[in-house]
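Given next are the chains, with one letter for each unit.
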Amino acid sequence: ETLDKGLEKTKTTFFSKLSKAIVGKSKVDDDVLDNLEEILVSSDVGVDTTLKIITRIEKRVADDKYLGTSELNQILQEEIASLLSETNTGEATEFVIPVNKKPYVLMVVGVNGVGKTTTIGKLAYQFKKQGYKVVLGAADTFRAAAIDQLQIWADRVDVPIVRQNMGSDPASVAFDTLQSAVAQDADIVIIDTAGRLHNKINLMNELSKVKRVMQKVVADAPHDVLLVLDGSTGQNAFEQAKQFTAATEVTSLAVTKLDGTAKGGVVIGISDQFQIPVKYIGVGEGIEDLQVFNKYEFVDSFFK
Ligand code: GDP
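Residues numbered from 1 in each chain as written. Predicted model: local features only at pLDDT ≥ 70, side-chain atom pairs only at ≥ 80, totals over all residues. Heavy atoms only, no water.

(A) Highlighting the pattern of salt bridges. Evaluation of the coordinates by the stated rule reveals 22 salt bridges. E79 serves as the salt-bridge partner of R56, at 3.7 Å between the closest nitrogen and oxygen. Of this pair, R56 sits in helix α4 (residues 47-64) while E79 sits in helix α5 (residues 72-85), and the two are 23 residues apart along the sequence. Residue R56 is classed as partly exposed on the basis of its relative accessible area of 21%. Taking relative accessible area as the criterion, E79 reaches 10% and is therefore assigned buried. Here E288 ties to K129 by a salt bridge, and the two come within 3.5 Å at their closest N and O atoms. With E288 in the loop between β7 (278-282) and β8 (290-292) and K129 in helix α6 (residues 116-129), this residue pair connects regions lying 159 residues apart in the sequence. Residues participating in the shared-partner salt-bridge network are R56, R60, E78, E79 and E86. (Salt bridge = Lys/Arg side-chain N within 4 Å of Asp/Glu carboxyl O. Helix = DSSP H or I, 4+ residues; strand = E, 2+ residues; numbered from the N terminus. Buried < 20%, exposed > 50% of the residue type's maximum accessible area, 1.4 Å probe, protein only.)

So this is what it looks like as structure tokens:
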């Protein structure tokens, strides 16, 4: 039900627009498809992914000769589910550490303000609740506030944090964190990183140095590079995904703030455009308001 509530704005807006688009129409015609295209784009599904969806529906219209507007919901639901299937597995309800990946090293990237710290805090909380021993690493050393914010979450969740002074080498913090995690026999390490995008080369260098240095402690670290994107920023989120995927290998996505936006379609578009699975979605500010992304549940609550 959290997910239903989290997607409420997207859903309401989407369906009120959709029902307006098909009012007085019995079959899916060019007019309906044009409107649908506009609705998908305005839900921030993104132009490319929208066109993909429209093309698929056009094909079904052509194959069927007659496609009633009453079936449009069902068809859209099927097409979006199949699109999400290309990147997202979808059954997951909670995270399980893969075998031989202990400590599991999760490196979190994203620009300031997207909800990176909050997401790390919520993750630490979930992992701990599952019985995992978690250590946080404050490798966003560029801003003092970032370290302090992470400390607040570490205290709240009651997990250890490794930190140094502001301005210290992020790679050194990451190294210390992994060493400490190994010494404590921890299960999961979450490394926060600086989110400055103004200089792509710097970002690239910094992230690859952090990775390289972590590998001195855990040879195959990081096991996951999670990019946090603010779902309410629409096209900005696409732009950030472009920049970060160019700077480092991003292996999964967390899309935050879906509760405050009618643009939840961004989840579909970003996952499709970048062919990266969405692992988590943020649906509120509270500690419990982070969900393991399940594509079935997502499509379900979107269309319910
Ligand atoms: P950071 O700068 O990327 O580390 O961002 P923060 O974690 O400090 O989050 C910035 C703001 O976004 C804070 O006020 C958070 O409470 C808020 N926030 C984070 N995730 C969510 C979410 O899923 N929903 C809502 N409504 N707010 C969120």
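(B) Spotlight on the side chain of D272. Relative to the elements of secondary structure, D272 occurs in helix α11 (residues 266-274). Relative accessible area serves as the criterion here: at 4%, D272 is assigned to the buried category. The residues touching D272, leaving out its near neighbours within four places in the chain, are T49, K52, L83 and E86. (Contact = heavy atoms within 4.5 Å.)

(C) Geometry of the side chain of T193. Counting through the fold element by element, T193 comes out in strand β4 (residues 188-193). Overall, T193 belongs to the buried group, its relative accessible area being 1%. Within the structure, T193 has its side chain in polar contact with the backbone oxygen of V108 (distance 2.7 Å). In contact with T193, not counting residues within four places along its chain, are M107, V108, V109, K116, A139, D140 and L207. (Polar contact = N/O pair within 3.5 Å; in protein donor to acceptor, adjacent residues only side chain to side chain.)

(D) How the structure looks around the UniProt feature "domain: SRP54-type proteins GTP-binding" (unreviewed entry) in the chain. Taken from the UniProt record, the annotation "domain: SRP54-type proteins GTP-binding" (unreviewed entry) applies to residues 277-290. Along residues 277-290 the backbone is 0% helical and 43% strand, and the end-to-end C-alpha distance reaches 16 Å. (UniProt positions renumbered as here; feature names shortened; annotations may be inferred.)

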